[in-house]
Amino acid sequence: MRCALALGLTLCALAWSATALERTEAREDCSAHDPLRQPFFGDTHVHTGFSFDAWGQGTLPGPDEAYRFAKGEPIGLPPWSDGRPGDSVALRRPLDWAIVTDHSDLLGETRICQTPGAPGYGSIVCRVVRHFPGLGYVLVNGHVYASESPRRYSFCGEGGRQCLEAARGPWRETRRAAEAHYDRSAACRFTTFVGYEWTGMPGGRNLHRNVVFRNEVAQEAPTTYIETPTPEGLWQALERECLAGAPRCDVLAIPHNSNVSGGLMFAAARSGGAPLDEGTARTRARLERLVEITQHKGDSECGVGAGDELCSYETLPFEIMSEMATPRAWGEPIPEGSYVRDALVDGLALGEKLGVNPFRFGLIGSTDTHLATPGMVDEDRHIGHAAGLVNARHGIPPFPDAPFFNPGGLAVLWAEENSRDALFEAMHRREAYGTSGPRIRVRFFGGFELPQDLCGAPDFAARGYAAGVPMGGVLRAPATASPLRFAVWALRDPDRGDAPSTPLQRIQIVKGWLEDGETRVRVLDVAGRADPTAGVDLATCRPHGPGADQLCAVWEDPEHDPTRPAVYYARVVENPSCRWSQYVCNRHGVDCTAAGGTPAVLEPCCDPELARTIQERAWTSPIWVDPR
Amino acid sequence: MRRWLFALLLLTAPWPLLLLGDGPAPPLRSLWLALAATAVVATEGASVTVRLILGVLWGQTLLAFGVCWVVAWGLSRGVSGLAVTTRRRLVIGLVLLVLGVASALPIYHTPMGNRPRSNLWQALS
């Protein structure tokens with residue numbers, strides 16, 4: 001009887017998932033196709049020498065080199081001399097997929113300033129950029145990104161036409177590289193997507209979005225902040241030029257760095273201050289299915305002071321992007337309102353008010369590398385990101401990054417196969433999670449009929465799909481009283497090549513809900529525990545103490561009220577390990593007590609406020625429960 | 001004499017750029033940067049941020065020039081008791097020595113530039 005039931009559930013799950021994948025492109029079927037889905041590790045946020053700020057800091061490789069790097073080949077690093085790199089680096093483990101997302105703004109200007117003979121090559125701006133790249137970097141960024149009313153330089157001609165025309169070249173090359181490195185064979189080794197970054201930053205507040213197209217059909221030209229300075233304008237352009245304007249075109253926008261948006265990213269208002277309306281909320285919910293919860297420029301889950309000790313992970317000491325050069329003291333509380341967790345809970349209230357929740361985001365991590373190095377997330381090999389404060393033009397410095405930045409994370413998609421359609425659909429249904437770097441495997445199901453004995457069951461996934469929804473899904477409370485259960489399973493990063501991974505410490509479930517019109521949050525440990533004897537030797541960075549290779553729990557929410565909306569996501573936490581800065585300080589043998597002091601470039605090593613250890617983690621996309 | 005020393009200091013003193021750079025570099029390079037930024041602003045206009053950057057560049061430049069002037073004045077006062085010929089020989093010798101060292105050795109950074117370290121002429125080019 002039980003076997004028959006299990007078989008039935010499996011068949012039901014298979015049938016359900018088999019109908020989910022829709023092909024929109026010509027390609028061979030993948031030989032490794034699993035209807036119960038596999039985790040594919042990737043990076044949605046990669047800048048190359050096509051981005052003005054990357055080129056301005058000495059990055060020369062383009063999209064081709066970035067994709068080769070993601071597939072496991074080495075890439076050249078600054079300093080570059082006559083086209084030859086001063087150094088090189090390769091990933092320990094290749095990625096399954098990646099998206100080059102160069103800034104759409106300044107794409108043409110960058111190309112013009114790089115190309116002798118191009119109209120505008122001899123302009124004063126291009127001369128300054130080439131001769132004094134650091135000065136050009138701050139002037140151009142100040143002119144475009146830190147301005148309330150960004151505009152093109154005069155060498156772009158009337159209406160910016162020359163620069164918009166020049167941008168077509170790199171955009172074509174970006175699309176060509178995505179096609180060239182996409183494996184359309186049955187091996188399905190590597191997937192790419194056409195993408196770009198819309199770099200909106202009104203008044204220095206970060207509203208950036210990465211735009212990702214489902215297949216090779218994309219906009220004729222990427223939307224720019226200069227011409228389209230609001231997120232609403234971006235969404236309209238995507239709807240007009242892709243969803244409604246081109247057959248087979250599908251697209252998503254992924255916001256990032258809400259942590260430096262000064263509260264703007266998740267404001268319950270439209271650009272200009274008008275209250276959020278149902279139409280705008282619906283458009284946002286349609287296009288923005290994922291959000292970057294972690295990356296090089298900090299963690300956006302929750303801020304210090306959110307009543308959760310794990311929220312102090314990689315938070316930044318400034319609240320808007322343009323304050324990057326003048327950070328506050330470590331540990332100073334940052335005002336709330338810019339964090340994903342707040343948005344997830346605020347979205348419940350907006351959903352009640354507007355009839356649609358604009359903040360129904362799945363969670364991913366990515367790098368935001370400006371060295372064209374997707375997936376370069378190892379703490380022990382951090383090379384910085386050439387983005388902002390530490391100039392890599394003359395080589396990767398001994399202390400390779402601003403002390404408050406980090407290597408960034410990865411995006412993981414549960415998909416049937418490694419193809420564009422399968423991965424894009426995973427993004428669309430939010431069956432995705434983010435990690436701070438380690439390749440932790442996590443599955444998360446929720447349902448009113450989930451069995452209690454899922455942990456250890458060989459058909460965990462089949463039964464999870466059959467009796468509930470996976471991460472990113474939405475449940476509706478049933479008419480009859482039923483227990484709301486969540487099943488979460490996590491597997492330690494199984495292999496890091498030449499370096500050992502860190503054991504898991506615990507799994508937590510973060511619950512947000514509405515109560516009497518107020519938003520509430522609770523964080524609960526559901527598997528494993530924080531053992532104070534588990535830690536890391538700071539001198540060697542070797543972890544010690546107890547930890548788990550695998551954790552699993554089926555947790556029932558005894559306080560679930562079927563008349564109120566709620567949101568749940570899981571957080572998987574590793575035991576403490578060395579932060580990247582500790583590896584750097586160890587490598588250089590820094591002794592802060594030594595007579596004669598520490599070299600100036602390594603002074604951050606002796607900052608008592610600098611975290612020595614971190615707890616790497618994974619965040620699943622949430623499961624929402626709509627009221628009865 | 002003071003003018004010669006002032007010119008020498010502007011040309012060769014390894015002045016640390018306090019903001020927007022990673023000195024030391026000759027104060028004259030600071031002037032180049034300020035002039036380059038001014039040329040961009042004159043052609044293209046300036047946002048609040050760019051005006052701020054321009055202010056920092058000119059502030060640093062004027063500060064460096066002021067300090068060089070005070071140092072040149074102090075040095076010229078220090079040698080004012082010497083005979084004119086001795087003074088002249090001393091200053092010419094100093095100028096030649098400093099110019100020689102600054103030209104031969106990469107003692108400068110080139111803030112906001114293409115090279116990590118430079119000698120005098122590279123720093124000013």
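Residues numbered from 1 in each chain as written. Chains lettered and ligands numbered in written order. Predicted model: local features only at pLDDT ≥ 70, side-chain atom pairs only at ≥ 80, totals over all residues. Heavy atoms only, no water.

**Q** Quick one: what's the story with the overall build of chain A, residue by residue and with numbers?
**A** Each helix and strand counted, chain A has 13 helices and 27 strands in total. Taking 25 Å as the expected radius of gyration for a compact globule of 628 residues, we find that chain A reaches 24 Å, a close match to that expectation. Taking the principal axes of the C-alpha coordinates as reference, chain A spans close to 80 × 65 × 50 Å. Taken over 628 residues, chain A has a buried fraction of 62%. (Helix = DSSP H or I, 4+ residues; strand = E, 2+ residues; numbered from the N terminus. Rg over C-alpha atoms; globule rule 2.2 N^0.38 Å. Buried < 20%, exposed > 50% of the residue type's maximum accessible area, 1.4 Å probe, protein only.)

**Q** I'd love a proper account of empty space enclosed by the protein, names of residues and values included.
**A** Residue and element names in this part refer to chain A. Following the criterion strictly, the structure yields four cavities of 30 Å³ or more and no others. Each pocket or cavity is described by its volume, and for the largest cavity that value is around 50 Å³. If you go around the largest cavity, the residues you meet are Phe52, Leu106, Glu109, Thr110, Cys113, Val125, Val129, Val140, Tyr153 and Phe155. Every element with two or more residues in the lining of the largest cavity is listed here: helix H4 (107–114) and helix H5 (124–131). Looking at which element gives the most residues to the lining of the largest cavity, the answer is H4, with three residues. By residue class, the composition of the lining of the largest cavity is eight nonpolar, one polar and one charged. (1 Å grid on protein atoms, 1.4 Å probe; cavity = no way out; pocket = protein on both sides within 12 Å on 5 of 7 lines; lining within 4 Å. Points joined across faces, edges and corners; volume = space filled by probe spheres on them. Nonpolar A, V, L, I, M, F, W, Y, C, P; charged D, E, K, R; others polar.)

**Q** Give me the pattern of salt bridges: which residues, what numbers.
**A** Oppositely charged side chains are able to pair whenever their charged atoms sit close together. All names here are of chain A. Under the definition given, this model contains 48 salt bridges over all chains. Here Arg341 makes a salt bridge to Glu301, at a shortest N to O gap of 3.1 Å. Of the two residues, Arg341 sits in helix H10 (residues 340–354) while Glu301 sits in the loop between strand E10 (298–299) and H10, which places them 40 residues apart along the sequence. Residues joined by salt bridges that share partners form a network here, namely Arg214, Asp250, Arg286, Asp421 and Glu425. (Salt bridge = Lys/Arg side-chain N within 4 Å of Asp/Glu carboxyl O.)

**Q** I'd like a description of the pairing of strand E12 (residues 410–415) of chain A, backed by residues and values.
**A** All names here are of chain A. Within E12, six of the six residues are buried, which leaves the element mostly enclosed by the surrounding structure. By the alternation rule, side chains of E12 split into Leu410, Val412 and Trp414 and Ala411, Leu413 and Ala415, which are all buried. Pairing of strand E1 (residues 38–46) with E12 involves five bridges; the strand directions are antiparallel. Across the sheet, residue Pro39 finds its bridge partner in E12, namely Trp414. Where E12 and strand E13 (residues 432–435) come together, four bridges link them in antiparallel fashion. For Val412, the partnering residue across the bridge sits in E13 and is Tyr433. (Pairing = 2+ DSSP bridges.)

**Q** Can you explain the environment of Leu77 of chain A? Please cite residues and give values.
**A** All names here are of chain A. Here Leu77 lies in strand E2 (residues 75–77). Accessibility expressed as a relative area gives 2% for Leu77, which makes it buried. Remark: the alpha-carbon pair of Leu77 and Glu241, spanning 164 residues in sequence, is separated by 37 Å.

**Q** Can you tell me about the state of the cysteines, naming the residues and giving the values?
**A** All names here are of chain A. Across all of its chains, the model carries nine disulfides over all chains by this definition. With a sulfur-sulfur separation of 1.9 Å, Cys156 is cross-linked through a disulfide to Cys163. Linking Cys156 and Cys163, the disulfide has an S-S dihedral of approximately -75° and is accordingly described as left-handed. With respect to burial, Cys156 and Cys163 carry one shared label: buried. Between the sulfur atoms of Cys455 and its disulfide partner Cys552 the distance amounts to 2.1 Å. Note on the Cys455 and Cys552 pair: the S-S dihedral is about -85°, so by sign convention the disulfide is left-handed. Within this pair, whereas Cys455 is found in the loop between strand E14 (441–447) and helix H12 (460–467), its partner Cys552 is found in strand E22 (residues 550–556), the two being separated by 97 residues in sequence. Since its relative accessible area comes to 32%, Cys455 is described here as partly exposed. Assessed through its relative accessible area of 26%, Cys552 is described here as partly exposed. (Disulfide = S-S within 2.5 Å.)

**Q** A description of the environment of Gly303 of chain A should follow, citing residues and the corresponding values.
**A** Inspection of the secondary structure assignment puts Gly303 of chain A in the loop between E10 and H10. Residues Gly303 of chain A and Asp342 of chain A lie 39 residues apart in sequence; the distance between their C-alpha atoms is 9.5 Å.

**Q** A description of the side chain of Asp53 of chain A should follow, citing residues and the corresponding values.
**A** Residues and elements named next belong to chain A. Mapping Asp53 onto the fold places it in helix H2 (residues 52–55). Lys297 provides the closest opposite charge to the buried, salt-bridge-free Asp53, at an N-O distance of 6.4 Å. At 3.0 Å, the side chain of Asp53 and the side chain of His103 are in polar contact. Residues in contact with Asp53, not counting those within four places in the same chain, are His103, Tyr137, Asn141, His370 and Ala386. (Lys, Arg positive; Asp, Glu negative; His and termini not counted. Polar contact = N/O pair within 3.5 Å; in protein donor to acceptor, adjacent residues only side chain to side chain. Contact = heavy atoms within 4.5 Å.)

**Q** Before we move on, can you summarise the nonpolar core with the specific residues and values?
**A** Nonpolar side chains in soluble globular proteins tend to end up buried together. With 149 residues, the main nonpolar core has Leu135, Phe155, Phe213, Phe444, Ile507 and Tyr568 of chain A as its most contacted residues. Among the elements that make up this core, the one with the highest residue count is H10 of chain A (seven residues). Apart from residues no more than four positions distant in its own chain, Phe155 of chain A is found in contact with Glu109, Ile112, Cys113, Gly120, Ser123, Val125, Cys126, Gln162 and Cys163 of chain A together with Glu44 of chain B. In this structure, Ile254, Ala411, Ala415 and Ala432 of chain A belong to the second largest nonpolar core, which totals 19 residues. (Core = buried A, V, L, I, M, F, W, Y, C linked by side-chain atoms within 4.5 Å.)

**Q** If you had to explain the interface of chain B and chain A to someone new, which residues and values would you point to?
**A** Interface extent is often summarised as the accessible area lost during association of the parts. Contacts between the two partners involve 23 residues from chain B, matched on the other side by 21 residues from chain A. Taken together, the connections running from chain B to chain A amount to three residue pairs in polar contact (both at pLDDT 80 or more). Elements with a minimum of two residues in the side of chain B that touches chain A: helix H2 (27–44) and helix H3 (48–78) of chain B. The leading source of residues in the side of chain B that touches chain A is H2 of chain B, at nine residues. In the side of chain B that touches chain A, the residues fall into 13 nonpolar, seven polar and three charged.

**Q** Got a sec to walk through the packing of H4 of chain A against helix H7 (residues 161–180) of chain A? Specific residues and values, please.
**A** Residue and element names in this part refer to chain A. The geometry of H4 relative to H7 is characterised by a closest axis approach of 7 Å and an angle of 90° between their N-to-C directions. Between H4 and H7, the interaxial angle falls into the category roughly perpendicular. The segment H4 lies against H7, with Leu107, Gly108, Glu109, Arg111 and Ile112 engaging Gln162, Cys163, Ala166, Ala167, Gly169, Pro170, Trp171 and Glu173. (Axes fitted to C-alpha atoms, helices over the stretch in contact; angles between N-to-C directions. Parallel < 35°, antiparallel > 145°, perpendicular 65-115°, else oblique.)

**Q** Which residues make up the sheet that holds E10 of chain A, and what are the values?
**A** All names here are of chain A. Taking strand neighbours across the sheet as the criterion, the three strands line up as E10-E9-E11 in an open arrangement whose pairing is mixed. Edge strands, defined here as strands with exactly one partner in the open sheet, are E10 and strand E11 (362–365). Relative to E11, strand E9 (residues 290–295) is paired through four bridges, and the arrangement is parallel. Along E11, the bridge assignment pairs Leu290 with Gly362.

**Q** Requested: an account of the packing of helix H3 (residues 63–70) of chain A against H7 of chain A, with residues and values cited.
**A** All names here are of chain A. One way to put it is that H3 packs onto H7 with a least axis distance of 9 Å and a crossing angle of 25°. By the angle class used here, H3 and H7 are roughly parallel. Note that H3 runs across H7; the crossing there is right-handed. Seen from H3, the contacting residues are Pro63, Asp64 and Tyr67; seen from H7, they are Thr174, Arg176, Ala177 and Ala178. Classifying every residue of the contact of H3 with H7 gives four nonpolar, one polar and two charged. (Left-handed = near helix turned anticlockwise from the far one by under 90°.)

**Q** Describe the environment of Ile396 of chain A, listing the residues and the values that go with them.
**A** Residue and element names in this part refer to chain A. Inspection of the secondary structure assignment puts Ile396 in the loop between E11 and E12. On a C-alpha basis, the gap between Ile396 and Pro78 in space is 6.8 Å, while along the polypeptide they are 318 residues apart. Contact partners of Ile396, with chain neighbours within four places excluded, come to Leu77, Pro78, Leu371 and Ile383.

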